[in-house]
Amino acid sequence: MPAAAYAGKECVCQFRRGICDQTCVRDMLDTPFYIACLKLKGRRCLVVGGGEIGLEKVEGLLACGGEVVLVAPTAVPELEDMAREGSIAWERREYAGPADLEATFIVIACTDSTDTNIAVYEDAEKRAMLVNIVDVPPLCNFILPAIVRTGPLAIAISTAGASPALAKRMKREISQLFGEEYARLAVMLNDVRGWAKGTLPTYHDRKDFFEGIVNGDPDPIELLRAGDDRAVLDLIAAAQRTHQPA
């Protein structure tokens, strides 16, 4: 797999330094990243590279409803199985250039060829596309954070590439802190969003309604941890009566 930029190693980025001097990553920790959640359902997502990392990226894209196309001459057995069952489309060949990016929303490359990785990045940049070359920060216009996902909740953790190990530890600790009860509360609150939008006249009215439930007494999270879903539904119903316009 491609290596990150380390002084003294062979250059793997578009600056083609020969031997890496880390010029390309010196500003990474000073770069403010715009955090967003992408809607991938029904969108063409390209993965270039059929190894274990490619498998990881394909699984992540499929989990979010992306229509995944894999370009790779060979692939690990799990990817072969996905192609066989129709979960992904597999083009059994090397990356062929700009034509592979047509009608594509996002591309992730994880090959062991620096030339291929640079080509994917430069072709995507010319189209103002989202592109990530795994483990090569200067060949990315977005980075993939560690994700804690429970039901409809998703919490992203990023160290701006400084320490994936630290991000993994934070992911583990956050997943313990924000458990399944938070996802259940999110679903319950979503069920009354329609009522709030149709009944409460202003944004501030709706904000007060939901914050009163989430931050109220008794604590809905503690009730859910105790298995008392009914009590939380009663809290929501009481809040609806209180906020009902006269």
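Residues numbered from 1 in each chain as written. Predicted model: local features only at pLDDT ≥ 70, side-chain atom pairs only at ≥ 80, totals over all residues. Heavy atoms only, no water.

Caption draft 1: Quick look at the overall build of the protein chain. A tally of helices and strands in the protein chain yields nine helices and seven strands. A globule of 246 residues ought to have a C-alpha radius of gyration of about 18 Å, yet the protein chain, at 23 Å, is considerably larger. In terms of overall dimensions, the protein chain has a C-alpha envelope of 70 × 40 × 35 Å along the principal axes. The buried share among the 246 residues of the protein chain stands at 37%. Of the contacts made within the protein chain by residues no fewer than 6 positions apart, 52% connect residues no fewer than 24 positions apart. Separation between the mean location of the 27 positive side-chain charges and that of the 35 negative ones in the protein chain comes to 3 Å. (Helix = DSSP H or I, 4+ residues; strand = E, 2+ residues; numbered from the N terminus. Rg over C-alpha atoms; globule rule 2.2 N^0.38 Å. Buried < 20%, exposed > 50% of the residue type's maximum accessible area, 1.4 Å probe, protein only. Contact = heavy atoms within 4.5 Å. Lys, Arg positive; Asp, Glu negative; His and termini not counted. Charge placed at Lys NZ, Arg CZ, Asp CG, Glu CD.)

Caption draft 2: A look at the sheet that holds strand 5 (residues 130-133). Strand order in the open sheet formed by five strands is 3-2-1-4-5, with parallel pairing between adjacent strands. A strand with exactly one partner marks an edge of an open sheet, and here the two such strands are strand 3 (89-91) and strand 5. Averaged over all adjacent pairs, the angle separating strand axes in this sheet is 15°, with direction ignored. For strand 4 (residues 106-109) and strand 5, the ladder comprises four bridges, and the chain directions are parallel. Of the residues in strand 5, the one forming a bridge with Ile 106 is Leu 130. (Pairing = 2+ DSSP bridges. Axes fitted to C-alpha atoms, helices over the stretch in contact; angles between N-to-C directions.)

Caption draft 3: Here's a closer look at the pattern of salt bridges. Applying the stated criterion to the full structure yields 11 salt bridges. Across the pair Glu 56 and Lys 57 runs a salt bridge whose closest N-O atoms are separated by 3.5 Å. Here Arg 93 ties to Asp 100 by a salt bridge, and the two come within 2.6 Å at their closest N and O atoms. The buried category is assigned to Asp 100, whose relative accessible area is 7%. What emerges from the salt-bridge pattern is a single network uniting Glu 91, Arg 93 and Asp 100. (Salt bridge = Lys/Arg side-chain N within 4 Å of Asp/Glu carboxyl O.)

Caption draft 4: The packing of aromatic side chains, seen in detail. Applying the stated criterion to the full structure yields three aromatic pairs. Ring geometry for Trp 195 and Phe 209: centres 5.1 Å apart, planes at 45°, overall tilted. Residue Trp 195 is found in helix 6 (residues 193-199), and its partner Phe 209 is found in helix 7 (residues 203-214); the two are separated by 14 residues along the sequence. Trp 195 gets classed as partly exposed once you look at its relative accessible area, which sits at 22%. Aromatic side chains Phe 209 and Phe 210 sit 4.9 Å apart centroid to centroid with 70° between the ring planes, which places their arrangement in the edge-to-face category. When its relative accessible area of 0% is taken as the criterion, Phe 209 is described as buried. Ring pairs connect the aromatic residues Trp 195, Phe 209 and Phe 210, which therefore count as one cluster. (Phe/Tyr/Trp six-rings, centres within 6.5 Å; stacked < 30°, edge-to-face > 60°.)

Caption draft 5: Structural context of the side chain of Thr 116. Within the element layout of this structure, Thr 116 appears in helix 3 (residues 114-126). In this structure Thr 116 touches Val 48, Tyr 95 and Thr 111, once residues within four positions along its chain are discounted.

Caption draft 6: Representation of the environment of Gly 216 within the structure. Structurally, Gly 216 can be placed in the loop between helix 7 and helix 8 (220-225). When the C-alpha positions of Gly 216 and Leu 235 are compared, they lie 9.0 Å apart, and in sequence the two are 19 residues distant.

Caption draft 7: Region of the structure containing the packing of helix 5 (residues 180-191) against helix 9 (residues 229-243). Contact geometry of helix 5 with helix 9 gives a least axis separation of 11 Å together with a crossing angle of 35°. In this structure, the crossing between helix 5 and helix 9 has a hand that is right-handed. Contact with helix 5, carried on its side by Arg 184, Leu 185, Met 188 and Leu 189, involves Asp 229, Val 232, Leu 233 and Ile 236 of helix 9 and no other residues of that element. For the contact of helix 5 with helix 9, the per-class residue count stands at six nonpolar, no polar and two charged. (Left-handed = near helix turned anticlockwise from the far one by under 90°. Nonpolar A, V, L, I, M, F, W, Y, C, P; charged D, E, K, R; others polar.)

Function-wise, these values are silent; they only describe arrangement.
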